[in-house]
Amino acid sequence: METENSSVSRAEELKALANEAFRAKKYSQAIDLYSQAIELNSQNAVYYANRAFAHTKLEEYGSAIQDASKAIEIDPRYPKACFTYQIFVTPVHVKKLSPNDPDAAQKVKECEKAVKKLKFEEAIAVPESERHSVADSIDYRSIGMSPSSSFVSTQAAILAATATVVVAVVVMVWPAVATTVAGMVVAVLMILGAYWWGSCSGSGVFTKSRKLELEVEPQYSGARIEGDVITLDFVKKMMDDFKNQKCLHKRYAFQIVLQTREMLRALPSLVDIDIPDGKHFTVCGDVHGQFYDLLNIFELNGLPSEENPYLFNGDFVDRGSFSVEVILTLFAFKCMCPSEVFCFLPLAHVLNQKVFVVHGGLFSVDGVKLSDIKAIDRFCEPPEEGLMCELLWSDPQPLPGRGPSKRGVGLSFGADVTKRFLQDNSLDLVVRSHEVKDEGYEIEHDGKLITVFSAPNYCDQMGNKGAFIRFEAPTLKPNIVTFAAVAPSTMPPWAPYPFYLSQCLVMKALLDEKKEDRGSGKSPGGS
């Protein structure tokens, strides 16, 4: 009995420490401390509910649901567990419990909006064989050529108005001949329309000699691309404009995106990169729309060039306030230096046949070869299972073997899985991103796996450092550089709740049953 009481007391001490870590935004540490408390007292619903909240902060939604479900199993009337569970499964029940809570009403509204969006997408969906990218119909050189009211000449407008009045008078005075006259007027208007369209589009019977192209307004003072070549001067000017929160003209934005699209389509799903002896190569992790931190990376490590190549390992956008600025900057550098300066959007890369770089992680089965990855058709929406899904979503775990994903998609894999994959493919190291780390990086699996995350103070609230890895050939020994966040922007960070609500639709399918919920909750610090 004395030993049992001692374990309970120690568990409460660990919970208190975990609550302090949570309030300090050290969520990984909080999860570890709550886990230690659970090992000492596995029948306390509070520990599981608090750990569930900590998991949500790290976007580990699968683990959050498991913990909330366990807490409800232990104490079905514990309000915090019910609240956490229902946030992810169905906010409608939360509103029933708190009908006057405006926050609950907003969550329901967002969830309903997400459901309507899915139903609409399903309604307008067409077979895969009939789908065509809108990019195939865009010519950035002629944006703005479509007919609009501003293109109609004064003479044509007067003639069309006169014809309309004539039709109206004829209908009122001579109804018997109204049909004939109306037909004649329609024919005239069709001829006018053909003339108008031909003059605007540069095609047809009435084509004008000069093809109208997009005119960049004279008052536009931002970065300009001369012709089809994107230069370093343009990219520097564009980044400086973005830094001062100015916009890039849409013509140049289209040009950057469409040129990059063609380059990326030509790349295989697994890209082999050769780093000559004496040269270096930099791998960055998630940037998540944090443009000023991207500029800080370039300040610390130099701008991308043929002599200073980078690989940005996924998650370039969302969460941060400057996703468009980030992606246009990365794409512009890709257009400027096509030869492997930026290697993004393929599924994985191999550096000098030694280092495997992937966004998420490894696989649910052994024996996967690099040739299997190269054979993946990545030009599709990511599937919910299989090699492509696991490359994008899986995470390492401290225990050997494989386990369920803490995110609810992909899986967790241990050091033995990493070791076998490296041996099967004659590789030395796995580098991946996908997870925020307090120091910007973490070395795991007996030194065979490194997680690198390049978005410091993630979501303007996590307080983490950022990092990138600089590899020097021929040894490719990883040199990890960490950095702090620059001064936060004046714009608010990306609000995560809409993402939670969209994820709940997926998480819901993972649960065996719904449990009746009661009550509402508060933050871990309050229990």
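Residues numbered from 1 in each chain as written. Predicted model: local features only at pLDDT ≥ 70, side-chain atom pairs only at ≥ 80, totals over all residues. Heavy atoms only, no water.

Visitor: Can you walk me through the overall build of the protein chain in this structure?
Guide: Counting its secondary structure elements, the protein chain contains 17 helices and 13 strands. Here the protein chain holds 527 residues, and 46% of them are scored as buried. Within the protein chain, residue pairs in contact and separated by at least 24 positions form 68% of the contacts whose partners lie at least 6 positions apart. For the protein chain, the computed accessible surface area is about 26,700 Å², with 56% contributed by carbon and sulfur atoms. (Helix = DSSP H or I, 4+ residues; strand = E, 2+ residues; numbered from the N terminus. Buried < 20%, exposed > 50% of the residue type's maximum accessible area, 1.4 Å probe, protein only. Contact = heavy atoms within 4.5 Å. Areas by Shrake-Rupley, 256 points an atom, 1.4 Å probe, with all protein chains shown as cover.)

Visitor: Where do I start with empty space enclosed by the protein in this structure?
Guide: A probe as big as a water molecule, rolled over the atoms, marks out the empty space that is left. Summed over the entire model, instances satisfying the criterion amount to three cavities of 30 Å³ or more. Approximately 60 Å³ is the volume attributed to the second largest cavity. What lines the second largest cavity is simply L362, F363, V365, D366, G367, V368, R402, V417, R420, F421 and D424. Per element, the largest residue contribution to the lining of the second largest cavity is four residues, and it comes from helix α16 (residues 415–424). Residues of the lining of the second largest cavity, tallied by class, amount to six nonpolar, one polar and four charged. (1 Å grid on protein atoms, 1.4 Å probe; cavity = no way out; pocket = protein on both sides within 12 Å on 5 of 7 lines; lining within 4 Å. Points joined across faces, edges and corners; volume = space filled by probe spheres on them. Nonpolar A, V, L, I, M, F, W, Y, C, P; charged D, E, K, R; others polar.)

Visitor: I tried to follow the packing of aromatic side chains on my own but got confused; where do I start?
Guide: In this description, a pair of aromatic rings is defined by centroid distance and the angle of the planes. The final tally for this structure, using the stated rule, is 14 aromatic pairs. Residues F298 and F312 carry aromatic rings whose centres are separated by 6.4 Å and whose planes lie at 80° to one another, so their mutual orientation is edge-to-face. Note that F298 is positioned in helix α12 (residues 291–301) and F312 in strand β3 (residues 310–312), a separation of 14 residues in sequence. Each member of the pair F298 and F312 is classed as buried. With centroids separated by 5.6 Å and ring planes inclined at 70°, the aromatic side chains of F298 and F333 adopt a geometry described as edge-to-face. One end of the pair, F298, is in helix α12; the other, F333, is in helix α13 (residues 323–336), with 35 residues separating them in the sequence. Owing to a relative accessible area of 6%, F298 belongs among the buried residues under this scheme. Three or more aromatic residues joined by ring pairs make a cluster, and in this case those are F242, F291, Y292 and F322. (Phe/Tyr/Trp six-rings, centres within 6.5 Å; stacked < 30°, edge-to-face > 60°.)

Visitor: How should the pairing of strand β13 (residues 477–483) be read in this particular structure?
Guide: In the case of a regular strand, side chains alternate between the two sheet surfaces. Here strand β12 (residues 466–472) runs beside β13; their pairing, made up of seven bridges, is antiparallel. Its bridge partner lying in β13, R470 is registered against N479. From the end of β12 to the start of β13, which pair antiparallel, there are four residues, and L476 there has a positive phi angle of about 55°. (Pairing = 2+ DSSP bridges.)

Visitor: Can you walk me through the side chain of H288 in this structure?
Guide: If you trace the backbone, H288 turns up in the loop between β2 (280–284) and α12. At 3.4 Å, the side chain of H288 forms a polar contact with the side chain of D286. Among residues more than four places away in sequence, those in contact with H288 are D315, F316, V317, D318, R319, G320, F453, A455 and Y458. (Polar contact = N/O pair within 3.5 Å; in protein donor to acceptor, adjacent residues only side chain to side chain.)

Visitor: I keep staring at the packing of helix α2 (residues 27–40) against helix α3 (residues 45–57) and nothing clicks. Help me out?
Guide: A pair of packed helices is characterised by two quantities: the angle between their axes and the separation of those axes. The N-to-C vectors of α2 and α3 enclose an angle of 160°; their axes lie 9 Å apart at closest approach. Taken together, the axes of α2 and α3 lie roughly antiparallel to each other. The two elements α2 and α3 meet at a crossing, and its hand is left-handed. From α2, Y27, I31, Y34, S35, A37 and I38 reach across to α3, where they touch Y47, Y48, N50, R51, A54, H55 and K57. Its residues assigned to classes, the contact of α2 with α3 comprises eight nonpolar, three polar and two charged. (Axes fitted to C-alpha atoms, helices over the stretch in contact; angles between N-to-C directions. Parallel < 35°, antiparallel > 145°, perpendicular 65-115°, else oblique. Left-handed = near helix turned anticlockwise from the far one by under 90°.)

Visitor: Help me understand the nonpolar core, please; the structure alone is not making it clear to me.
Guide: Across soluble globular proteins, nonpolar side chains show a tendency to be buried alongside one another. Ranked by size, the top nonpolar core spans 58 residues in total, and within it F234, L248, I256, F312, L351, V431 and F471 carry the most contacts. Looking at which element gives the most residues to this core, the answer is α13, with nine residues. A37, A71, A455 and C459 belong to the second largest nonpolar core, which has 28 residues in total. (Core = buried A, V, L, I, M, F, W, Y, C linked by side-chain atoms within 4.5 Å.)

Visitor: Can you help me understand the side chain of E60 in this one?
Guide: Relative to the elements of secondary structure, E60 occurs in the loop between α3 and α4 (61–74). Polar contacts involving the side chain of E60 include one to the side chain of K406, which spans 3.4 Å. Among all residues touching E60, those that are not within four sequence positions of it are I31, H55, K406, R407 and E435.

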